Amino acid sequence: MIKVSDKFPGNISLKKITGDVVEDFNTNHLLTGKVAIFGVPGAFTPTCSQDHVPSFLNAVQAFKAQGVDEIYCISVNDFFVLKAWGESIGVGDKISFLADSDAQLTSALDMILDLTSAGLGKRSKRYSMLLEDGEVKVMNVESSAGECTVSRGDNLSF
């Protein structure tokens with residue numbers, strides 16, 4: 001599993017929608033500057049929608065004060081689902097949602113959570129991290145997918 005002082009994996013292709021345009025997003029974009037990232041088990045799920053994303057929305061100003069350039073939410077969902085989810089929560093341009101639909105990045109981070117027995121397939125563990133120039137400076141991983149304590153936005157700082 002990725003940990004503090006590791007380099008974040010580059011050259012992995014994700015997708016995002018800006019407005020109505022589907023864009024390729026290469027993880028190389030995450031390797032410069034200060035970046036906050038959080039991973040969620042799934043869009044529209046209760047803990048993700050009612051706690052995890054809102055905790056990052058509430059912390060946007062605190063991240064900006066720390067010099068964080070961008071905030072990204074990564075989920076093993078398709079980009080259309082992530083677009084609808086972001087709109088339903090009202091994230092606007094405060095958080096970019098990145099679709100890791102084939103779990104390539106989630107696998108590279110060793111963050112796969114197998115929820116097949118619950119009918120949800122392979123998803124991501126719940127986590128948050130801070131990167132500086134591609135190096136993991138802070139890493140918080142929940143012990144259970146239904147918990148959102150250590151990975152909350154207000155618990156993530158340089």
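Further up the page is the structure itself.
All values derive from a computational prediction rather than experimental measurement.

Trainee: What should I look at first to understand the overall build of the protein chain in this one?
Mentor: The helix and strand inventory of the protein chain stands at four helices and nine strands. Ordered by position in the sequence, the α and β elements of the protein chain form the string β-β-β-α-α-β-α-β-α-β-β-β-β. Its C-alpha radius of gyration of 14 Å places the protein chain within 12% of the 15 Å reference for a compact globule of 158 residues. Looking at the protein chain residue by residue over its 158 residues, the buried ones come to 46%. Of the contacts formed within the protein chain by residues at least 6 apart in sequence, a portion of 64% connects residues at least 24 apart. For the protein chain, the accessible area works out to roughly 7,300 Å², and carbon and sulfur atoms hold 48% of it. When the 14 basic and 20 acidic side-chain charges of the protein chain are each reduced to a single mean position, those positions are 2 Å apart.

Trainee: Before we go on, may I ask you to explain the pairing of strand 8 (residues 127–132) in this structure?
Mentor: Moving residue by residue along a regular strand, the side chains alternate between the two faces of the sheet. The buried count for strand 8 comes to five of six residues, which makes it a mostly enclosed element. Relative to strand 8, strand 3 (residues 34–40) runs antiparallel, the two sharing six bridges. Within strand 8, the position partnered with Ala-36 by the bridge is Leu-130. In the sheet, strand 8 pairs with strand 9 (residues 135–141) via six bridges, with the strands oriented antiparallel. Across the sheet, the residue bridging to Glu-132 is Glu-135, located in strand 9.

Trainee: In this structure, what is going on with the packing of aromatic side chains? I would like to understand it.
Mentor: How two aromatic rings sit relative to each other is set out by the distance from centre to centre and by the angle between their planes. Applying the stated criterion across every chain, the model contains six aromatic pairs. Here Phe-79 and Phe-80 contribute two aromatic rings whose centre-to-centre distance is 4.6 Å and whose plane-to-plane angle is 50°, an arrangement assigned as tilted. Their ring planes at 65° and their centres at 5.0 Å tell us that Trp-85 and Phe-97 sit as a pair that is edge-to-face. With Trp-85 in helix 3 (residues 79–89) and Phe-97 in strand 5 (residues 96–99), the pair connects residues that are 12 residues apart, well separated along the chain. Here the aromatic cluster, defined as three or more aromatic residues joined through ring pairs, consists of Phe-38, Phe-56 and Phe-63. Note that Lys-34 overlies the ring of Phe-158, its terminal NZ or CZ placed 4.8 Å from the centroid.

Trainee: For this particular structure, what's the right way to read the state of the cysteines?
Mentor: Working definition: the covalent bond between the sulfur atoms of two cysteines is a disulfide. In total, this model carries zero disulfides according to the counting rule given. The thiol sulfur of Cys-73 is not disulfide-bonded, and the nearest other cysteine sulfur, from Cys-48, lies at 7.5 Å. Looking at Cys-73, the relative accessible area reads 0%, which means it is buried.

About the cut-offs
- Residues numbered from 1 in each chain as written.
- Predicted model: local features only at pLDDT ≥ 70, side-chain atom pairs only at ≥ 80, totals over all residues.
- Heavy atoms only, no water.
- Helix = DSSP H or I, 4+ residues; strand = E, 2+ residues; numbered from the N terminus.
- Rg over C-alpha atoms; globule rule 2.2 N^0.38 Å.
- Buried < 20%, exposed > 50% of the residue type's maximum accessible area, 1.4 Å probe, protein only.
- Contact = heavy atoms within 4.5 Å.
- Areas by Shrake-Rupley, 256 points an atom, 1.4 Å probe, with all protein chains shown as cover.
- Lys, Arg positive; Asp, Glu negative; His and termini not counted.
- Charge placed at Lys NZ, Arg CZ, Asp CG, Glu CD.
- Pairing = 2+ DSSP bridges.
- Phe/Tyr/Trp six-rings, centres within 6.5 Å; stacked < 30°, edge-to-face > 60°.
- Lys NZ or Arg CZ within 6 Å of the ring centre and 35° of its normal.
- Disulfide = S-S within 2.5 Å.

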